[in-house]
Every structure is written in C-alpha cells, then in structure tokens.
Amino acid sequence: MNIGILGAGNVGGTLGSAWAQQGHTVFFGVRDPQSAELDAVLQQAGPTASVVTMAEAVEQADVVAVCLPWPATQSVLQSLNLKDKTVLDCTNPVLPDFSGLEIGQTTSGGEKVAEWAAGARVVKVFNTTGSNNMGEAMYHGHATFMPYCGDDAGAKQVAAELATALGFEAIDAGPLAHARLLEPLAMMWIWLAIKGGLGRDFAFQLVRR
C-alpha cells in the first residue's frame, strides 16, 4: 500500500517508519523535504520510505495519515486535493499548554478535518495514545486499545487493518461524530502521562468478561 504521512514528527515519524518496515511504500510529506532533521526518520523507516512535499505525498498515496500539529492542520489540508482519498486523522485539537481541547462537544477535530479535506473519506484513529505506543503497541503480550470512527465503511476497514498490523486491538467506535468522544479520551491519556504521574509508558486495554 502507498501511504502518505503529512508530518514527520513523533506521531508521523513513528507510524510511517512502522508501516515502511512492514513493506508499505511510505511518503513523508513535509514543508521542506531537504531538511537534515529528516535523516533520522528515513534511517529508521528504511528503503521503502522517502521524503517529498505534502502535495506529492497526497498525489502518490492510497491512504493519507494526517499527523500535523493542530494549529497547522486547517491551512495544510485546505491547500491539498484530498478528494476521494482515505484520510486517517491522527490529530487532537489540544490547547498549546495541554490544559484541554480547543473544541469539543458540539463538534470535533475529526469533523473539522473532514470539512477541510473536502471530498475525503475521513477516519479518526491513532489519536488516543502516545507515539511511543504506536511503535510498540503490545503490553505484556496483549494488544492495546485503538478505537476508530468514521462514516465510510471502506475507509474504516483500511484504518482497522493498519492499526491491527501495528499490534493494536482496533475497535469500531461508530460514526465520525464520535470523534467528540475519542478526543477527550486522548486528553485523558495526555493528562495522565504529563500531569498525572504515569509517564508515557502506559496504554488503555479493552478487557472482556
């Protein structure tokens, strides 16, 4: 599968590298493809990954993962042609000081992404845990929880397959409007990691009776 990653920071770099190591062709889309800071990402990802412009990443991709800082998300997405693309929204509308979410309850970051990425099939996924868990999703031999939501069944299936391949237990959390639920869950993980004293080495698991 050809996967475009918008952004090559902690989340984008980890997801893209993991998928590249599984044999997918990964295009890291960034503002400056010549930046030396990207050398470490490419070294980790291996030979099936490359760094290109954001427009080139979208053009060559079957699936596009949005891994941008929230303040940059609107302008970047509105500058790209994402019509008919499967788009994985991995962002969270977190305030700069991590004190809460910029929007919620009556809308969500996922719904705004669908608005800005006109014509795309958007799935909210890879937003409820830290980037460290995206590279190592198993805890003591058990898969950790990765909910996803969206309005297109085919796009959701792609998201589930990519999440499962990384070691997550992918759980269908309903329509895209349920991003209003997943983004506060992400905020809880962030609070526990940063202010709650747990650090980053924990994840949520789904336990069944």
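Check the entry above for the structure.
Described in the following lines is the structure provided in the data block. Remember, predicted model here, so these are calculated numbers, not experimental data.

**Focus on the nonpolar core**
As a rule of thumb, nonpolar side chains are buried together in soluble globular proteins.
Step number 1: Counting residues in each nonpolar core, the largest one holds 35 residues, and the members touching the most others are Trp19, Phe28, Leu88 and Phe126.
Step number 2: Taken together, the elements giving at least two residues each to this core come down to β1 (2-6), α1 (10-21), β2 (25-30), α2 (39-45), β3 (49-53), β4 (63-66), β8 (142-150) and α7 (153-165).
Step number 3: Counting residues per element, this core draws most heavily on α7, which supplies six residues.
Step number 4: Apart from the residues lying within four places of it in its own chain, the contact partners of Leu88 are Trp19, Val63, Val64, Ala65, Val66, Val123, Val125, Phe126, Ala159 and Leu162.

**Digging into the packing of aromatic side chains**
Step number 1: Scanning the model with the defined rule gives five aromatic pairs in all.
Step number 2: Ring plane angle 70° and centroid distance 5.6 Å describe the contact between Trp19 and Phe126, whose orientation is recorded as edge-to-face. Of the two residues, Trp19 is situated in helix α1 and Phe126 in the loop between β6 (121-124) and α6 (131-135); the sequence distance between them amounts to 107 residues. With respect to class, Trp19 is no different from Phe126; both count as buried.

**A few points about the pairing of β3**
Step number 1: Where β2 meets β3, five bridges bridge the pair, whose relative direction is parallel. Bridge assignment links Val26 to a residue of β3, and that residue is Ala49.
Step number 2: For the handedness criterion, the β-α-β arrangement of β2, α2 and β3 is classed as right-handed.

**Focus: the pattern of salt bridges**
Where charged atoms of side chains with opposite charge meet at close range, the side chains can pair.
Step number 1: Evaluation of the coordinates by the stated rule reveals six salt bridges.
Step number 2: In this structure, Lys112 engages Glu115 in a salt bridge whose closest nitrogen and oxygen atoms are separated by 3.1 Å. One end of the pair, Lys112, and the other, Glu115, are both in helix α5 (residues 109-116), three residues apart, so they sit about a helical turn from each other.
Step number 3: For Glu115, a relative accessible area of 51% corresponds to the exposed category.
Step number 4: Bridged by salt links that share partners, the residues Asp89, Lys124 and Glu183 form one connected network.

**Concerning unusual backbone geometry**
It is generally the case that most residues other than glycine have a negative phi and that most peptide bonds are trans.
Step number 1: Backbone geometry at Asp84 places phi at a positive 70°, although glycine is not the residue there.
Step number 2: Phi angles above zero are rare outside glycine, and Phe126 is one such case at about 60°.

Scoring rules and cut-offs
- Residues numbered from 1 in each chain as written.
- Predicted model: local features only at pLDDT ≥ 70, side-chain atom pairs only at ≥ 80, totals over all residues.
- Heavy atoms only, no water.
- Core = buried A, V, L, I, M, F, W, Y, C linked by side-chain atoms within 4.5 Å.
- Buried < 20%, exposed > 50% of the residue type's maximum accessible area, 1.4 Å probe, protein only.
- Helix = DSSP H or I, 4+ residues; strand = E, 2+ residues; numbered from the N terminus.
- Contact = heavy atoms within 4.5 Å.
- Phe/Tyr/Trp six-rings, centres within 6.5 Å; stacked < 30°, edge-to-face > 60°.
- Pairing = 2+ DSSP bridges.
- Right-handed = clockwise from strand over helix to strand, strands pointing away.
- Salt bridge = Lys/Arg side-chain N within 4 Å of Asp/Glu carboxyl O.

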